[in-house]
Amino acid sequence: MKPASFQYFAPTTLDEALALLAEHGDAAKVLAGGQSLTPMMNFRLVSPAILIDLNRIGELAYIRERDGGLAIGAMTRQRQVERDARVAKHAPLVAETMPFVAHPQIRNRGTLGGIFAHADPAAELPAVAIATSTKLKVKSIKRERWVEARDFFTGLFSTVLAPDELLVEIVVPAMPAHTGYAFQEMSRRHGDYALAGVACTLTFDDRGVCQEARIVFLGLGTLPIDARDAAKHIVGATPNAEAIRAASEAIDAEIDPSDDIHASAKFRRHLAKVLTRRALETAVIRGKRNW
Ligand SMILES: Cc1cc2nc3c(=O)[nH]c(=O)nc-3n(C[C@H](O)[C@H](O)[C@H](O)COP(=O)(O)OP(=O)(O)OC[C@H]3O[C@@H](n4cnc5c(N)ncnc54)[C@H](O)[C@@H]3O)c2cc1C
């Protein structure tokens, strides 16, 4: 099917794009990589009267080192993030996760900002962003604000973005010293959306006592799930097999998977436990290298 007709704008600066959004608000949609929006328009799940194409705005595509972490422009292609040596150095959990996002052809066009704005609960990067305390810069013609990744997602395919706002920058802070990290997911074929997945970060002191633990799930509810109660089983000691098992069991109370044609809720619960155990074991090993 073809999309319904729409008026097309191709601004070349951020200010121009924000002015167009301020003028057209609800009637407009922005086009980033088009990997999610174009199929939705073709299926007429969305039919914006106005399409604002961000692809000519060069100032929104960059990767910069900042305060030991990274600032990434919203229009940076996913493939560029995957391949950039600075991402591997300063945001290793992001680098580890990128190959799981869709397929190379999709990553060539898809943007980092598009993943966050689209807010698919099965997307990998939102969970990673929460586990790494990532911040998102949001702009309208009237104001600029910063939103913590954990506050950005409000429900299935929805975010705090107002109709006149753009996501402009993603800031991944420096990973604290003595931090171990891991990403795990299970999908039917590599590159498909995950049936379930988990991102975790464990920060230790120099004696190996875990000071902070983040265990964040994807594909197990309508939002990324930050399993705070389960993480408590890991904090306050050097995590051993018993603590890891206790954390993996405790996630049952925090996730809310559903049945669909790809997997049953029961199978997703089982996957979540297995993936959590594997991710925590890896994060402990990686954290140990720094004690
Ligand atoms: C077969 C297939 C498999 C996929 N598998 C995965 C997967 O495993 N994991 C995964 O994470 N994704 C997956 N995707 C989605 C892919 O990563 C998309 O690239 C991503 O969801 C959207 O990015 P985009 O740049 O293409 O955005 P678009 O499709 O252009 O836009 C998506 C939505 O975000 C809005 N938007 C985009 N950028 C901004 C911005 N800067 N500010 C405000 N709003 C904005 C648009 O208006 C639109 O509503 C898959 C897609 C396909 C087709």
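Quick summary incoming for the structure in this document. Along each chain, the written sequence defines residue order, and numbers are assigned to residues from 1. Per-residue local features of the predicted model are confined to residues with pLDDT of at least 70, and side-chain atom pairs are confined, for both listing and counting, to 80 or more; whole-chain, interface and lining totals are unaffected and use all residues. Side-chain metrics rest on all non-hydrogen atoms present in the structure, leaving aside hydrogens and water.

## Comments concerning the side chain of T201
Helix and strand assignments follow DSSP, with helices taken as H or I runs no shorter than four residues and strands as E runs no shorter than two, numbered in order from the N terminus. Residue placement: T201 occurs in strand β12 (residues 196-204). Polar contacts involving the side chain of T201 include one to the main-chain carbonyl oxygen of A131, which spans 3.0 Å. Only heavy atoms matter for contacts: two residues are in contact if any of them lie within 4.5 Å across the pair. In contact with T201, other than residues within four places in its own chain, are L93, A131, T132, M175, T179, G180, Y181, E212, A213 and R214. Under this definition, polar contacts are N or O atom pairs within 3.5 Å; protein pairs additionally need one hydrogen-donor-capable and one acceptor-capable atom, and for neighbouring residues in sequence, both atoms have to be side-chain atoms.

## What about the sheet that holds strand β1 (residues 7-9)?
Strands are treated as partners if at least two bridges between them are detected by DSSP. In spatial order, the strands read β1-β3-β2; together these three strands make up an open sheet with parallel pairing. Looking at the sheet topology across the chains shown, the edges are occupied by β1 and β2 (28-31). Taken over all neighbouring pairs, the strand axes of this sheet differ in orientation by 25° on average, direction set aside. Both β2 and strand β3 (residues 50-53) contribute to a ladder of four bridges, which runs parallel. Note that in β3 the partner of A28 across the bridge is I50. Note on definitions: angles span 0 to 180 degrees between N-to-C directions of axes, and those axes are lines fitted to C-alpha atoms, for helices only across the stretch in contact.

## Details of the site of the ligand
The rule for a residue being near a molecule or strand is that one of its heavy atoms must lie within 4 Å of it. Neighbouring the ligand are 29 residues; V30, G34, L37, T111 and E124 lie closest to it. At 2.8 Å from an oxygen atom of the ligand is found a main-chain nitrogen or oxygen belonging to A32. Areas reported as accessible are Shrake-Rupley estimates using a 1.4 Å probe. Residue values count occlusion only from the protein chains shown. In the complex, 89% of the free accessible area of the ligand, which totals 970 Å², lies under the protein chains. Those elements that place two or more of their residues in the shell around the ligand are β2, α7 (112-118) and β10 (166-172). Sort the elements by how many residues they give to the shell around the ligand and α7 lands first, with four residues. Under the scheme applied here, ten amino acids are nonpolar (Ala, Val, Leu, Ile, Met, Phe, Trp, Tyr, Cys and Pro), four are charged (Asp, Glu, Lys and Arg), and all others, including Gly, are polar. For the shell around the ligand, the per-class residue count stands at 16 nonpolar, ten polar and three charged.

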